[in-house]
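If you want the building blocks of each chain, they are given just below.
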Protein chains: 2
Amino acid sequence: MRKEEVVPKIGFAQYEVEFGEYDKNTATITRLAESAKGADLLVFPELGLTGYEFKDAREVERYAEPFGAGPTSETLKKLAKRLKMTLAIGYPEYTTRGCFNSAMLATPDGKLHNYRKLHLFSREKELFTPGDAEPPVIKTPAGRVGLMICFDWFFPETARILALKGAQIIAHPSNLVLNWCQRAMFCRCLENAVFAVTANRIGVETRAGRKLRFTGASQVVDPKGDTLVKATEAEEYVGLVDVDLALADDKHVTPLDDRLEDRRPEHYGALAEAQTQGTLA
Amino acid sequence: MRKEEVVPKIGFAQYEVEFGEYDKNTATITRLAESAKGADLLVFPELGLTGYEFKDAREVERYAEPFGAGPTSETLKKLAKRLKMTLAIGYPEYTTRGCFNSAMLATPDGKLHNYRKLHLFSREKELFTPGDAEPPVIKTPAGRVGLMICFDWFFPETARILALKGAQIIAHPSNLVLNWCQRAMFCRCLENAVFAVTANRIGVETRAGRKLRFTGASQVVDPKGDTLVKATEAEEYVGLVDVDLALADDKHVTPLDDRLEDRRPEHYGALAEAQTQGTLA
């Protein structure tokens, strides 16, 4: 097997996104990706080139672009090819059914993949259309990478589905304003035996009277729940670490226990029902 | 509403179970329950009157009893009536289809409820039959109480199903030999907005050359993920705390976000499938 399939170098670029400064933010991710020597997978934040706190849905539309046919797709594809890295970043996706809060992933061969955030957070519900498909897992030179975006972490279903679909690594572009996630990814990674790369923003965004402080602390967590590399709360940082993907392939907790095979889906019907059928005893 | 329905006093009794010393262990839980003044819900450990490390399935059979028709049922029912408490404890359940690692819950009116552990851990797989139904939620004077047992915590599906069925409190009899659970219950409680009472054992059990050290640190965690009361790792302890059940009824994360209503079950089909249908992109 090629080196990249066994111990890829994976990580995040944490930086300050300046709202509406598309070209400046593009220069930032280009500079950070170029500095990430030897990286096989590099994850950028949610809405990483536009900023987060849109005034209204019309403003989202102005910054949004169709998947595969806009500046972010071009930038990411070229960067992935030139630097031979798999790259993921969040962006506002323009479609005829409204705009999605999406993430795209580019592989070094120039292919692009897309994911539309299933679980929108707070005001995003007023700005975006909710995702319309289960999250994807993509075979890349850095391993099998699943995509989820920010608040998706809160719903254990998201990471679980990615693990069931074979993800070894979860690429997790984020704009976190609390610090629950950084603490909880221990549990997400442990329960699924996956690596997770949470790429968060830093800095403050003030728009239309609203002030959001992003909590940084981007991190890579391993299948045992251990944090392998972590950024501070307020500094630009590229965090990279070599990971042994075999750890994510072996789902055993002990020789007799397996995280996925020991599931009892015949008794999990309630999870996929729109409303719960269970009754109180 | 009655006082108990609003701010019940809930907690755990952590103690050393002596293997095979049924009468002595019964005296221990009686003494601890009597000391738990004002408790509305008190949770004891998994296999709390027999011990854990059975030599083989035959030995389990010797200690097992049918639900509702054995000494544990009698003890728990009487204790619950006399002390006006809801009580939960783990026990080996005898049935014609083998023995289950079960937990029973007794309400002050003398009613008994049963749960058979869905996710057996390690050697338990050789000793017990796996549970055959989704976990129950029971209406008690202490609130709506869901049951799960020890390693069930590792599978996010268990606590999620209990929350979907309306549990305000998860009673969680345990025999933990690691300390992952105590750390991860932050996430289980936060993602579901439930209280959880994890009742663990202390001490060492040495049987047939195997030595198990139980990690204590029983705890009550609230819907924000905060630990309200916690025992040490090696001391007998009854931990009780008054809890506001309204916190578990309100599933909002923010005014616009709801832990259960924001789920996207139409895209969670993979969770209830025996094998995953997902394909790699």
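I will try to describe carefully the structure that is included in this document.

As a further point, take the interface of chain B and chain A. With 61 residues of chain B in contact, the opposing surface of chain A contributes 61 residues. Here chain B meets chain A over a buried area of about 5,500 Å², counting both sides, of which 66% is carbon and sulfur. Counting across the interface, chain B meets chain A through ten salt bridges. Glu157 of chain A is paired through a salt bridge with Arg160 of chain B; the nearest N and O atoms lie 2.7 Å apart. Contributions of two or more residues to the side of chain B that touches chain A are made by helix 5 (124-127), strand 6 (137-140), helix 6 (156-164), helix 7 (180-192), strand 15 (252-254) and strand 16 (257-258) of chain B. At eight residues, helix 7 of chain B tops the list of elements feeding residues into the side of chain B that touches chain A. Residue composition of the side of chain B that touches chain A, by class: 29 nonpolar, eleven polar and 21 charged.

Okay, the environment of Trp153 of chain A next. Residue position: Trp153 of chain A is located in the loop between strand 7 (143-147) and helix 6 (156-164). Residues Trp153 of chain A and Thr198 of chain A, spaced 45 residues apart in sequence, show a C-alpha to C-alpha distance of 9.7 Å.

Counted according to the given criterion, the structure contains two cavities of 30 Å³ or more. Lining the largest cavity are 13 residues, and of these Phe121, Phe151, Trp153, Leu176 and Leu178 of chain A lie nearest its centre. Grouping the constituent residues of the lining of the largest cavity by class yields eleven nonpolar, two polar and no charged. A volume near 50 Å³ is recorded for the second largest cavity. Taken together, Pro156, Glu157, Arg160 and Leu271 of chain A together with Pro156, Glu157, Arg160 and Leu271 of chain B make up the lining of the second largest cavity. For the lining of the second largest cavity, the secondary structure elements donating two or more residues are helix 6 of chain A together with helix 6 of chain B. Residue composition of the lining of the second largest cavity, by class: four nonpolar, no polar and four charged.

When charged atoms on two side chains of opposite charge get close, those side chains can pair. Within this structure, the stated rule accounts for 47 salt bridges over all chains. The residue Glu236 of chain A makes a salt bridge to Arg31 of chain A at a minimum N-O spacing of 2.8 Å. Taken as a pair, Glu236 of chain A in the loop between strand 13 (227-230) and strand 14 (237-242) and Arg31 of chain A in helix 2 (residues 22-35) lie far apart in primary sequence, 205 residues in all. Overall, the relative accessible area of 37% leaves Glu236 of chain A in the partly exposed class. Taking relative accessible area as the criterion, Arg31 of chain A reaches 41% and is therefore assigned partly exposed. Across the pair Arg188 of chain A and Glu191 of chain B runs a salt bridge whose closest N-O atoms are separated by 2.7 Å. Remark: Glu191 of chain B occurs in helix 7 and Arg188 of chain A occurs in helix 7 (residues 180-192); the pair is interchain, linking two chains. A single burial state applies to Arg188 of chain A and to Glu191 of chain B, both of which are buried.

Calculation notes
- Residues numbered from 1 in each chain as written.
- Chains lettered and ligands numbered in written order.
- Predicted model: local features only at pLDDT ≥ 70, side-chain atom pairs only at ≥ 80, totals over all residues.
- Heavy atoms only, no water.
- Contact = heavy atoms within 4.5 Å.
- Buried area = accessible area lost by both parts, 1.4 Å probe.
- Salt bridge = Lys/Arg side-chain N within 4 Å of Asp/Glu carboxyl O.
- Helix = DSSP H or I, 4+ residues; strand = E, 2+ residues; numbered from the N terminus.
- Nonpolar A, V, L, I, M, F, W, Y, C, P; charged D, E, K, R; others polar.
- 1 Å grid on protein atoms, 1.4 Å probe; cavity = no way out; pocket = protein on both sides within 12 Å on 5 of 7 lines; lining within 4 Å.
- Points joined across faces, edges and corners; volume = space filled by probe spheres on them.
- Buried < 20%, exposed > 50% of the residue type's maximum accessible area, 1.4 Å probe, protein only.

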